[in-house]
Amino acid sequence: LHKAIRRQRQMCIRDRLALFVAFAMMLFFSIWPGIDLDVSLVFWDDGFRLGEDRFLVSVRDLNRALPSVLLPGLACVLLAMPFFAGLRRIFHPYKLLLVLTFFALGPGAIVHILKTLLARARPQQLGEFGGDLFFTPVLSLDGACARSCSFPSGESSTAIALLAFTILLPARLRLICAAILMPFIVVVSLNRVAMGAHFLSDVLIAWPLMLAVFLCLHRLFLKYRYAIDAAFSRSSGGSRRAAG
């Protein structure tokens, strides 16, 4: 019991730490907003030329394609569990449901809500870079972007969210897989800055923000993991009885 309580406290601390880092970074870029413009200016040469770079575009497209392949695959496995009991020996249903819920809530709903609420224009839309909109700091509510806005970066959120899939692996392989994914996550995130599609703050803040969402959900799903897994076991048993 004491071990379980200690683990819950540690997980709660992780949740709060991730949220603290996200808000601290928001505050930092709000106090020194010029950093965003200065970094974007590095990649400006009468246009954001790297936006046409084939390698960067291919990396961006790969990052966009991965969730559209992996998430339906997870959903199919989850739906098949009532009919194939052996799948539950490979994957815990609560983990599959956790990953699907996280992508829907984090890179999906929360990113969309913040983009709409803050309406921050992208670098390539600013007057400083040939556009017709004005710059706003990361926490400003005065943005004039109408659609597909800048903060937070959807690509960066989706890229860092790929780490959630490591929970499906054996514990001994998770750190190795995360280490393999990190260079891809960094390239995907920072190439959006190089392309003029996002500010540095858009991509950096997305990382701890998505981590905080995942950790909060993980704590919740871990609490009810037996009930979730048992629900799929009952479904499997009911399916077999109905077939018999």
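Note: the structure precedes this text.
Residues numbered from 1 in each chain as written. Predicted model: local features only at pLDDT ≥ 70, side-chain atom pairs only at ≥ 80, totals over all residues. Heavy atoms only, no water.

**Student:** Please provide a residue-by-residue account of the overall build of the chain, values included.
**Tutor:** Of regular secondary structure, the chain possesses 9 helices and 0 strands. Ordering the α and β elements of the chain from the N terminus gives α-α-α-α-α-α-α-α-α. The principal-axis extent of the C-alpha atoms belonging to the chain is close to 70 × 40 × 35 Å. Buried residues in the chain amount to 43% of all 244 residues. Roughly 13,100 Å² of accessible area belongs to the chain as shown, and the carbon and sulfur atoms make up 68% of that amount. Taking the average place of the 26 positive charges on the side chains of the chain and the average place of its 14 negative ones, the gap between the two points comes to 25 Å. (Helix = DSSP H or I, 4+ residues; strand = E, 2+ residues; numbered from the N terminus. Buried < 20%, exposed > 50% of the residue type's maximum accessible area, 1.4 Å probe, protein only. Areas by Shrake-Rupley, 256 points an atom, 1.4 Å probe, with all protein chains shown as cover. Lys, Arg positive; Asp, Glu negative; His and termini not counted. Charge placed at Lys NZ, Arg CZ, Asp CG, Glu CD.)

**Student:** Can you lay out helix 5 (residues 93–118) for me, pointing to particular residues and giving the numbers?
**Tutor:** The end-to-end C-alpha distance of helix 5 is 36 Å, a good match for the 38 Å that 26 residues give at a rise of 1.5 Å each. Along helix 5, the helix axis deviates most sharply at V111, where the bend reaches about 25 degrees. Trailing helix 5 by a residue or two, A119 shows a phi angle of about 50 degrees, which is positive. (Expected span 1.5 Å × (residues − 1). Bend = angle between axes of the 7 residues up to and from the residue.)

**Student:** Account for the state of the cysteines, with residues named and values stated.
**Tutor:** Going through the model one piece at a time under the given rule, you end up with 1 disulfide. A disulfide bridge connects C145 with C149, and the sulfur atoms are separated by 2.3 Å. Disulfide C145-C149: torsion about the S-S bond near -100 degrees, hence left-handed. Each member of the pair, C145 as well as C149, is classed as buried. (Disulfide = S-S within 2.5 Å.)

**Student:** Any chance you could break down helix 8 (residues 200–223) for me, citing the residues and the numbers?
**Tutor:** The terminal C-alpha atoms of helix 8 lie 36 Å apart, and with 24 residues this matches the ideal 34 Å at 1.5 Å per residue to within 8%. For helix 8, the buried fraction is high: 17 of the 24 residues fall into the buried class.

**Student:** Just give me the short version of the packing of helix 3 (residues 54–80) against helix 7 (residues 171–194), but keep the residues and values in it.
**Tutor:** Interhelical geometry of helix 3 versus helix 7 gives an angle of 115 degrees and a closest axis separation of 10 Å. Crossing of helix 3 against helix 7: the hand is left-handed. Together, F55, L56, V59, R60, L62, N63, R64 and L66 of helix 3 and F184, V187, V188, N191 and R192 of helix 7 make up the contact between the two elements. (Axes fitted to C-alpha atoms, helices over the stretch in contact; angles between N-to-C directions. Left-handed = near helix turned anticlockwise from the far one by under 90°. Contact = heavy atoms within 4.5 Å.)

**Student:** Run through a nonpolar patch on the surface, naming residues and quoting values.
**Tutor:** A cluster of nonpolar side chains, namely L27, F28, I31 and W32, defines an oily patch on the protein surface of about 420 Å² accessible area. Relative to the assigned elements, I31 resides in helix 1 (residues 2–31). (Patch = residues over 30% accessible without salt bridge, like charges linked within 9 Å, V, L, I, M, F, W, Y side chains within 5 Å. Salt bridge = Lys/Arg side-chain N within 4 Å of Asp/Glu carboxyl O.)

**Student:** So what's going on with the packing of aromatic side chains? Residues and values would help.
**Tutor:** In the structure shown here, the tally under the stated rule is 9 aromatic pairs. For the ring pair F102 and F103, a centre distance of 5.7 Å and an interplane angle of 70 degrees mean the geometry is edge-to-face. Per residue, the accessibility class of F102 equals that of F103, and both read buried. On the accessibility criterion, F103 (7% relative accessible area) is buried. (Phe/Tyr/Trp six-rings, centres within 6.5 Å; stacked < 30°, edge-to-face > 60°.)

**Student:** Give a description of the pattern of salt bridges that names residues and reports values.
**Tutor:** One pass over the structure, following the stated rule, counts 6 salt bridges. Salt-bridge contacts for R64 lead to E155; the nearest nitrogen and oxygen are separated by 2.7 Å. Linking R64 in helix 3 with E155 in helix 6 (residues 154–161), this pair joins segments that are 91 residues apart in sequence. Linking R192 and E155 is a salt bridge whose minimum nitrogen-to-oxygen distance equals 3.4 Å. Taken as a pair, R192 in helix 7 and E155 in helix 6 lie far apart in primary sequence, 37 residues in all. A single burial state applies to R192 and to E155, both of which are buried.

**Student:** Which residues make up the side chain of S140, and what values go with them?
**Tutor:** Counting through the fold element by element, S140 comes out in the loop between helix 5 and helix 6. Classification of S140 by relative accessible area gives buried; the value is 16%. At 3.1 Å, the side chain of S140 forms a polar contact with the backbone nitrogen of D142. (Polar contact = N/O pair within 3.5 Å; in protein donor to acceptor, adjacent residues only side chain to side chain.)

**Student:** Talk me through the environment of N63; I want residue IDs and the actual numbers.
**Tutor:** By the secondary structure assignment, N63 is in helix 3. Separated by 93 residues in sequence, N63 and S156 place their C-alpha atoms 9.1 Å apart. Once residues lying within four places of it in the same chain are set aside, the contact partners of N63 are E155, T158, A159, L162, F184 and V188.

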